[in-house]
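Listed below, chain by chain, are the residues.
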Amino acid sequence: MTPIYMDYAATTPTDQRVVEAMLPCFGDIFGNPSSLHGFGQDARAAIEEARAKIASFIGAKPAEVVFTSGGTESDNFAIKGVAWANHKKGDHIITSAIEHHAVLESCRFLEKEGFKVTCLPVDSDGLVDPAEVAKAITDRTVLISIMHANNEIGTIEPIAEIGRIAKERKVYFHTDAVQTFGHLPFTVDELNVDLLSASAHKLCGPKGVGLLYIREGTRIVPFMHGGEQESGRRASTQNVPGIVGFGKAVELAAATLAEEAARLTAFRDRFIKGIFERLGGIRLNGHPTRRLPNNINLSVESIEGEGMVLSLDMLGIACSTGSACSSSSLEPSHCLLAIGLPHEFSHGSLRFSLGRYTRESDIDAVLEALPQVVGRLRAMSPLYEGKKPA
Ligand SMILES: *Cc1c(COP(=O)(O)O)cnc(C)c1O
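For every chain, the first residue of its written sequence is number 1, and the numbers climb from 1 along that sequence. With the structure being a predicted model, the display of local features is reserved for residues of pLDDT at least 70 and the display and counting of side-chain atom pairs for 80 or more, all residues being used for whole-chain, interface and lining totals. Only hydrogens and water are set aside; all other atoms, that is, all heavy atoms of the structure, feed into the side-chain values.

Visitor: What should I look at first to understand the overall build of the chain in this one?
Guide: For the chain, the count of helices and strands is 13 helices and twelve strands. C-alpha atoms define the radius of gyration in this analysis, and the globule rule sets the expected value at 2.2 Å times the number of residues to the power 0.38. Radius of gyration (C-alpha) of the chain: 22 Å, near the 21 Å computed for a compact globule of 390 residues. Counting only C-alpha atoms, the chain reaches 70 × 50 × 35 Å along its principal axes. Looking at the chain residue by residue over its 390 residues, the buried ones come to 56%. Throughout, a contact is declared for two residues whenever any of their heavy atoms are within 4.5 Å. For the chain, long-range pairs separated by at least 24 residues make up 74% of all intrachain contacts whose partners lie at least 6 apart in sequence. Counting every atom, the chain has about 16,300 Å² of accessible surface; 57% of that belongs to carbon and sulfur. Here the positive residues are Lys and Arg and the negative ones are Asp and Glu; neither His nor the chain ends is included. Lysine's charge is taken at NZ, arginine's at CZ, aspartate's at CG and glutamate's at CD. Averaging the coordinates of the 39 positive side-chain charges in the chain and doing the same for the 47 negative ones gives two points 3 Å apart. In DSSP terms, a helix is any run of H or I states spanning at least four residues, a strand is any run of E spanning at least two, and both are numbered starting from the N terminus. Residue burial is assigned from relative accessible area. The probe radius is 1.4 Å, only protein chains are included, and a residue is buried under 20% of its type maximum, exposed over 50%, and partly exposed in between. Accessible surface area values rest on a Shrake-Rupley calculation with a 1.4 Å probe, where residue burial reflects the displayed protein chains alone.

Visitor: Quick question: what am I supposed to make of the domain arrangement of the chain here?
Guide: One frequent convention defines the size of an interface as the accessible area lost when the parts assemble. For the chain, the domain assignment lists domain 1 (4–9 + 257–378) and domain 2 (16–252). For the domains described, the bounds stem from an automatic or database domain assignment. Computed over C-alpha atoms, the centres of domain 1 and domain 2 are 28 Å apart. Every contact between the two is made by 27 residues of domain 1 and, on the other side, 35 residues of domain 2. Of all residues in domain 1, the largest losses of buried area upon contact with domain 2 belong to Leu257, Arg290 and Leu292, amounting jointly to 26% of the total for that side. When contributions to the side of domain 1 that touches domain 2 are tallied by element, the ones reaching two or more residues are α9 (240–278), β10 (295–300) and α11 (334–338). With four residues, the top contributor of residues to the side of domain 1 that touches domain 2 is α11. A class-by-class count of the residues in the side of domain 1 that touches domain 2 yields 13 nonpolar, nine polar and five charged. Accessible area that two parts lose when put together, with a 1.4 Å probe and added across both, is what the buried area reports. Side-chain classes follow a simple rule in which Ala, Val, Leu, Ile, Met, Phe, Trp, Tyr, Cys and Pro form the nonpolar group, Asp, Glu, Lys and Arg form the charged group, and the remainder, Gly included, forms the polar group.

Visitor: Please clarify how the sheet that holds strand β8 (residues 210–214) should be interpreted in this entry.
Guide: For sheets, the rule is that strands pair by backbone hydrogen bonds, running either parallel or antiparallel. At least two DSSP bridges between two strands are required for those strands to pair. The sheet built from seven strands is open, its strands ordered β2-β8-β7-β6-β5-β3-β4 with mixed pairing. Pairing within the sheet leaves two strands with one partner each, and these edge strands are β2 (65–68) and β4 (116–120). The average undirected angle you get between the axes of adjacent strands in this sheet is 20°. Both strand β5 (residues 141–145) and strand β6 (residues 172–176) contribute to a ladder of three bridges, which runs parallel. Residue isoleucine 144 lies in a different strand from β6, and its bridge partner there is phenylalanine 173. Axis definition: a line fitted to C-alpha atoms, limited for helices to the stretch in contact. Angles are taken between N-to-C directions and run from 0 to 180 degrees. Sheet strands touched by helix α4 (residues 101–112): β3 (92–96), β4, β5 and β6. Its angle to β3, the strand with the most contacts, is close to 155°.

Visitor: Is there a simple way to explain the pairing of β6 in this structure?
Guide: On any regular strand, side chains alternate: one points to one face of the sheet, the next to the other face. Most of β6 sits out of view: five of its five residues are buried. By the alternation rule, side chains of β6 split into Tyr172, His174 and Asp176 and Phe173 and Thr175, which are all buried. If the strands point away from the viewer and the path from the first strand over the helix to the second runs clockwise, then the crossover is right-handed. Handedness of the crossover joining β5 and β6 through helix α6 (residues 159–168) is recorded here as right-handed. Where β6 lies against strand β7 (residues 195–199), three bridges are found, and the strand directions are parallel. Within β7, the residue paired with threonine 175 across the bridge is leucine 196.

Printed below as a string of structure tokens:
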């Protein structure tokens, strides 16, 4: 049986067309983009072509796109860069309880430096309330950072609305759009954001390259020092193959964005409907409709997520518990705790995330396999004693 990959939220396979677009950068186009000679100019032209393509995809100016090493760096850069650059104006940051660790840990780091952080709660579907954001803003607030869609539970946040509040109150607004970039249609103006993070490897591009969109006029200090690359905003020789691959990945995603979102939404809903028909003692985490087209996050009563992931892996099905970052620890994920799942329930969480190479037959295979795995594990679970088998 060919393995079934359902962990696209952790990373995606690189599209072969992206690999082909990158290959010349390991050949003739090897120059340093900062060099004045022809080799350098060729490399520079390649990254500027990618920049223009990506900027136009989100309705930005090319000069507003800074290439980084990925989503984590972009989040760190946005939060620390804006906090430090605006320290004289204020020392308060607003974020949410379900952000990626790259955002949460950056905020925690700044807290140790004396910044104050308000970490807003979410409701049981994982939604941030824009009215809560408005209430939390003080005259010391320099930055709001709320993710576009959550990587674990798939909930899509009311970013445009929060952005409108931020704009009215003249507070910078950053969103981590790593899970939506290339998957949902948006422009930076529609979202009302000043800063936005994205990462190529979440849209069938290469790993190790991402971007931070920085609206013109935003006060931000560089995170990396030692060179004038990226208009002095990000030192270090650019990852030319990565950036070219990122550009190709965006071009491919843009070409089929609407159809792909509709296709995956249909698969997602077929999966959810099918699993509820076949299995008792489960719940869907995240908002039922305001969710990523590719995300299914389930909690299964009385068993451990790790056991299910390993059993499914033996059957050739790859998924995850919570997020990949937290799956090596046995701590329940901060997102599941934030939506108020009981502790025991949050241990049995499974995330299936679909993508470009997912087929309908894959959904059916998982609908077949998962009830068997759950039934077997429940039969062995002391927690499930006294309850009816699945
Ligand atoms: C994957 C992910 C990141 C980290 O991106 P990297 O490119 O792997 O550093 C950040 N935020 C979210 C929401 C993600 O899903």
